[in-house]
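Listed below are the residues making up each chain.
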Amino acid sequence: VTTLYIVSGCLAGLRCRYDGKDSADERVINLVREGRAVPVCPEQFGGLPTPRPSCEIVDGRVLNADGMDVSDNFLRGAEEAFKLVEMLGAEKAILKSRSPSCGISKIYDGTFSGNLVDGDGVFAAMLKKAGIEVENE
Ligand code: SF4
């Protein structure tokens, strides 16, 4: 049985990042080409525009660089992306590092200064909780 992956859209070459760019990763693109991976962008699924102000997790809430609370968008987007995980029966995920949605184990610390702390992005945490195997790109 071939493992199906959920992957961060920006790694698949979609320009869904906050700055309107991608984080294209050849390995991820090849998995998509082979029909073994499906890209999602939880932040776009949550209704946030692209480009958008960068966001970080501060005391359990997600704030953007303008100080606006976008936690509801992040949660909604993660839930929508998770629907696809379930629908497809995806067992593994390859996610963009350090993102407040997709980051695994290390994310920005909420001061918008490039410092990292231990923690998972909102979508990564949801996947881990559901027992999906997650890895950074
Ligand atoms: Fe990439 Fe995830 Fe950020 Fe979307 S939410 S741009 S998929 S890291």
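See the structure shown above.
All of the points below concern the structure found in this document. (Residues numbered from 1 in each chain as written. Predicted model: local features only at pLDDT ≥ 70, side-chain atom pairs only at ≥ 80, totals over all residues. Heavy atoms only, no water.)

### Some points on the overall build of the protein
Here is step 1: The number of helices and strands found in the protein is 4 helices and 8 strands.
Here is step 2: Traced from its N-terminal end to its C-terminal end, the protein shows the element sequence β-α-β-α-β-β-α-β-β-β-α-β.
Here is step 3: In terms of overall dimensions, the protein is globule-like: its C-alpha atoms have a radius of gyration of 14 Å, near the 14 Å expected for 137 residues.
Here is step 4: Considered along the principal axes of its C-alpha atoms, the protein spans approximately 45 × 30 × 25 Å.
Here is step 5: Per-residue burial for the protein yields a buried fraction of 41% across its 137 residues.
Here is step 6: For the protein, the proportion of contacts with a sequence separation of at least 24, taken over those separated by at least 6, is 61%.
Here is step 7: Accessible area for the protein stands at about 7200 Å²; split by element, carbon and sulfur atoms hold 49% of it.
Here is step 8: For the protein, the distance from the average site of its 16 positive side-chain charges to the average site of its 21 negative ones is 3 Å. (Helix = DSSP H or I, 4+ residues; strand = E, 2+ residues; numbered from the N terminus. Rg over C-alpha atoms; globule rule 2.2 N^0.38 Å. Buried < 20%, exposed > 50% of the residue type's maximum accessible area, 1.4 Å probe, protein only. Contact = heavy atoms within 4.5 Å. Areas by Shrake-Rupley, 256 points an atom, 1.4 Å probe, with all protein chains shown as cover. Lys, Arg positive; Asp, Glu negative; His and termini not counted. Charge placed at Lys NZ, Arg CZ, Asp CG, Glu CD.)

### Overview of the site of the ligand
Here is step 1: Looking at the ligand, there are 14 residues lining it, with G9, C10, C41, E43 and C102 nearest.
Here is step 2: Split into classes, the residues belonging to the shell around the ligand amount to 6 nonpolar, 4 polar and 4 charged. (Near = heavy atom within 4 Å. Nonpolar A, V, L, I, M, F, W, Y, C, P; charged D, E, K, R; others polar.)

### Notes on helix α3 (residues 71-88)
Residues separated by three or four positions in an α-helix point in the same direction, a consequence of the helix having 3.6 residues per turn.
Here is step 1: Over its 18 residues, α3 extends 26 Å from the first C-alpha to the last, a length consistent with the 26 Å expected when each residue adds 1.5 Å.
Here is step 2: Of all the positions in α3, only S71, F74, G77, A78, A81, F82 and V85 are classed as buried. The arc that holds the buried residues of α3, viewed along the axis, is 140°, so those residues lie on one side. Every exposed residue of α3 that faces more than 90 degrees away from the buried side is listed here: D72, R76, E86 and M87. (Expected span 1.5 Å × (residues − 1). Arc of directions from axis to C-beta.)

### A word on the sheet that holds strand β2 (residues 37-40)
Here is step 1: Strands sit in the order β2-β1-β5-β8 across an open sheet of 4 strands; the sheet is parallel. The open sheet terminates on both sides in strands that have one partner only, identified here as β2 and β8 (133-136). The average angle at which neighbouring strand axes cross in this sheet is 25°, direction not considered.
Here is step 2: Of the pairings in the sheet, the one linking strand β1 (residues 5-8) to β2 comprises 4 bridges and is parallel in character. When the sheet's bridge partners are listed, I6 is paired in β2 with V38.
Here is step 3: Strand contacts of helix α4 (residues 122-129): β1, β2, β5 (92-95) and β8, with the helix running at about 160° to β5, the strand carrying the most contacts. (Pairing = 2+ DSSP bridges. Axes fitted to C-alpha atoms, helices over the stretch in contact; angles between N-to-C directions.)

Purely spatial values, then, with no claim about function.
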